[in-house]
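# Structure at a glance
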Amino acid sequence: MTDSGSSVSRSPLGADRPSGADSPVAEALPGAGPGPEPLDGIWDVVVVGAGPAGSSAAHAAAAQGRRVLLLDKAEHPRYKTCGGGIIGPSRDSLPPDFVLPLQDRVHAVTFAYDGRFTRTRRSKRMLFGLVNRDEFDLRLVQAAKQAGAVLVTGVTVSGVEQRGGDHRTVVVTATDGRRFEARAVVGADGSAGRVGRHVGVTFDQIDLGLEAEIPVPAEISRHWAGRIHLDWGPLPGSYGWVFPKTESGSLTVGVISARGDGERTKQYLADYIRRLGLAGFTPSVESGHLTRCRAEDSPLSRGRVLVAGDAAGLLEPWTREGISYALRSGRLAGEWAVKVAEANGSTDVRRQTLNYAFAIKAGLGVEMRAGKQMLAAFERRPHLFHAAVCLVDPAWRAFARTTQGHTTFAQVLRQYRAARRLSALASR
């Protein structure tokens, strides 16, 4: 706590901010002034979680000159279970001048149907890039700090309290007793995080992803350079992937399937690694995680608290791709958090949070609805999808254009009668 005799300065929104010498502080940022930033007082925006969604939200709010606090329980860089594919929508949502730490550039995809009927298709233009999440997330955090956000790590959030009356703020409490007060909060602390529970986020699709990082010799790494592997798996809705991290000499091999049959999912990963000829190499990391897709009527806010990314259950239901959803929803959450912080009274807050929900549903929500339609068809007839992408040139081009960011599954279903017919046929 700050001494009662501390002097007071003003935040961009007019919030009181103590600046006494005994205030808890964060590390001073380059170009941020002569001294460290006090942590108490009222922040304009507090963001919980410094993954892609949280860092994007913090960057968007700080870039508008607001006093922004970014909290995370982990130090960066840290390992994250994720293939690390940066598709077109992800690239287009990065902060200005952001330099991607690319491990590889993908121009080819080898498709297989449970290890059989393999075919490789190639594109003259890059389909997408591959990153290690520890490097990628660290650069996003650095971009948020450069925009003016203050990062504090080692913070595990245990409670969220909305204060009305003259306060009109939100208090975020950490397990160590620290309290952070803000006029708006963005929850980006994952699908099992405290902020999502406070908002009341619900999920109607939960999947289990298992992954192994496998260091390989240089000749094997070169064999995989520029090419990924996708295997439509033996369990309904399942698939496996190999993403080469050529610069670091490793392969990210993983599988995903609906939660509820963990042993068969583990066996699928083991069989997949064996079929690829990689069983003789020792993984440097073996990990797993649950992905959760929001129910369509799930809330995206509560009072002055917004949720984004995994905390909101925002990800592509068929591929379970989440980075682009995190970046896009995080940026929107940061922009609307500033509007919530500036709102006068509960009616104005409600209007701004409804506008945020509309922005999410009009874009990502439409894409998720199409993805769920695709997943339902894929669960029933995966062989039709395999045949289409391997043998039908328009289907392959639609896949390529989607990864490059030129179209979406929703647009493909809307614009191409053949795609609608395939989806309808597969759903029977």
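Everything below is about the structure shown above.
Quick look at the structure, then. (Residues numbered from 1 in each chain as written. Predicted model: local features only at pLDDT ≥ 70, side-chain atom pairs only at ≥ 80, totals over all residues. Heavy atoms only, no water.)

### Some points on the overall build of the protein chain
This is how it is decided: Numbering goes from the N terminus for both helices and strands, where a helix is a DSSP run of H or I of at least four residues and a strand is a run of E of at least two. For each residue, the accessible area found with a 1.4 Å probe, counting protein chains only, is set against the maximum for its type, and the residue is called buried under 20%, exposed over 50%, and partly exposed in between. The contact rule is simple, with two residues in contact once any of their heavy atoms fall within 4.5 Å. For every accessible area listed, the method is Shrake-Rupley and the probe measures 1.4 Å; residues are considered covered only by the protein chains on display.
Summing up its helical and strand segments, the protein chain has 12 helices and 22 strands in all. By the burial criterion, 57% of the 428 residues in the protein chain qualify as buried. Across the protein chain, the fraction of contacts at a sequence separation of at least 24, relative to all contacts at a separation of at least 6, is 71%. Surface summary for the protein chain: the accessible area is close to 18700 Å², and the carbon and sulfur share equals 50%.

### Comments concerning the sheet that holds strand E11 (residues 128-131)
Hydrogen bonding along the main chain pairs the strands of a sheet, whether they run parallel or antiparallel. Using the following cut-off: Here the rule is simple: two strands pair whenever DSSP picks up at least two bridges between them.
With respect to topology, 3 strands assemble into an open sheet ordered E7-E11-E8, the strand pairing being antiparallel. A single partner strand is all that each edge strand has here, and the edge strands are strand E7 (85-86) and strand E8 (102-106). As defined by bridge partners, E7 adjoins E11 across 2 bridges and the pair is classed as antiparallel. Paired with Ile86 across the bridge in E11 is Gly129.

### Brief notes about the packing of helix H1 (residues 52-62) against helix H3 (residues 133-147)
Filter applied, for reference: Think of each axis as a best-fit line through the C-alpha atoms, taken over the contacting stretch in the case of a helix, with angles from 0 to 180 degrees between the N-to-C directions. Here roughly perpendicular refers to angles of 65 to 115 degrees, roughly parallel to angles under 35, roughly antiparallel to angles over 145, and oblique to all remaining angles. Whether a crossing is left-handed or right-handed is set by the direction in which the near helix is turned from the far one by less than a right angle, anticlockwise for left-handed and clockwise for right-handed. When residue character is reported, Ala, Val, Leu, Ile, Met, Phe, Trp, Tyr, Cys and Pro are called nonpolar, Asp, Glu, Lys and Arg charged, and the others, Gly included, polar.
Two numbers describe how H1 lies on H3: the axes approach to 8 Å, and their chain directions differ by 15 degrees. Between H1 and H3, the crossing angle belongs to the class labelled roughly parallel. Taken as a pair, H1 and H3 cross one another with a handedness that is left-handed. Along the contact surface, H1 presents Pro52, Ser55, Ala58, His59 and Ala62, while H3 presents Arg133, Phe136, Asp137, Leu140, Val141, Ala143, Ala144 and Ala147. Looking at side-chain class alone, the contact of H1 with H3 contains 9 nonpolar, 2 polar and 2 charged residues.

### Considering unusual backbone geometry
The step from His76 to Pro77 runs through a cis peptide bond, and the omega angle for that step is 0 degrees. Relative to the elements of secondary structure, Pro77 occurs in the loop between strand E6 (68-72) and E7. Located in the positive-phi region is Asp114, a residue other than glycine, with phi close to 50 degrees. Relative to the assigned elements, Asp114 resides in the loop between strand E9 (108-113) and strand E10 (116-122). Despite not being glycine, Arg320 has its phi angle at roughly 60 degrees, a positive value. Its location among the elements puts Arg320 in the loop between strand E22 (305-307) and helix H7 (323-342).

### A look at the packing of aromatic side chains
Using the following cut-off: Each aromatic pair joins two rings of Phe, Tyr and Trp (for Trp, the six-membered one) with centres within 6.5 Å, and gets the label stacked for planes under 30 degrees apart, edge-to-face for over 60, and tilted for any other angle.
The final tally for this structure, using the stated rule, is 15 aromatic pairs. Between Trp396 and Phe399, the aromatic rings sit 5.7 Å apart at their centres with planes inclined by 20 degrees, giving stacked as the arrangement. With a gap of 3 residues between them, Trp396 and Phe399 both fall in helix H10 (residues 393-404), about one helical turn apart. The burial state of Trp396 is the same as that of Phe399; both residues are buried.

### Some words on the nonpolar core
Applied cut-off: For our purposes a nonpolar core is just a set of buried Ala, Val, Leu, Ile, Met, Phe, Trp, Tyr and Cys residues, chained together by side-chain atoms within 4.5 Å.
Within the largest apolar cluster, 62 residues are counted, with the highest numbers of intra-cluster contacts made by Val46, Val47, Val68, Leu69, Leu71, Val185 and Tyr356. Take this core: its biggest share by element is 9 residues, from H7. Setting aside residues no more than four positions away along its own chain, Leu71 makes contact with Val46, Val47, Val48, Gly49, Ala50, Val152, Val155, Val172 and Phe180. Judged by nonpolar contacts, the second largest core, of 33 residues, contains Val106, Trp232, Ile256 and Ala370.

Function-wise, these values are silent; they only describe arrangement.
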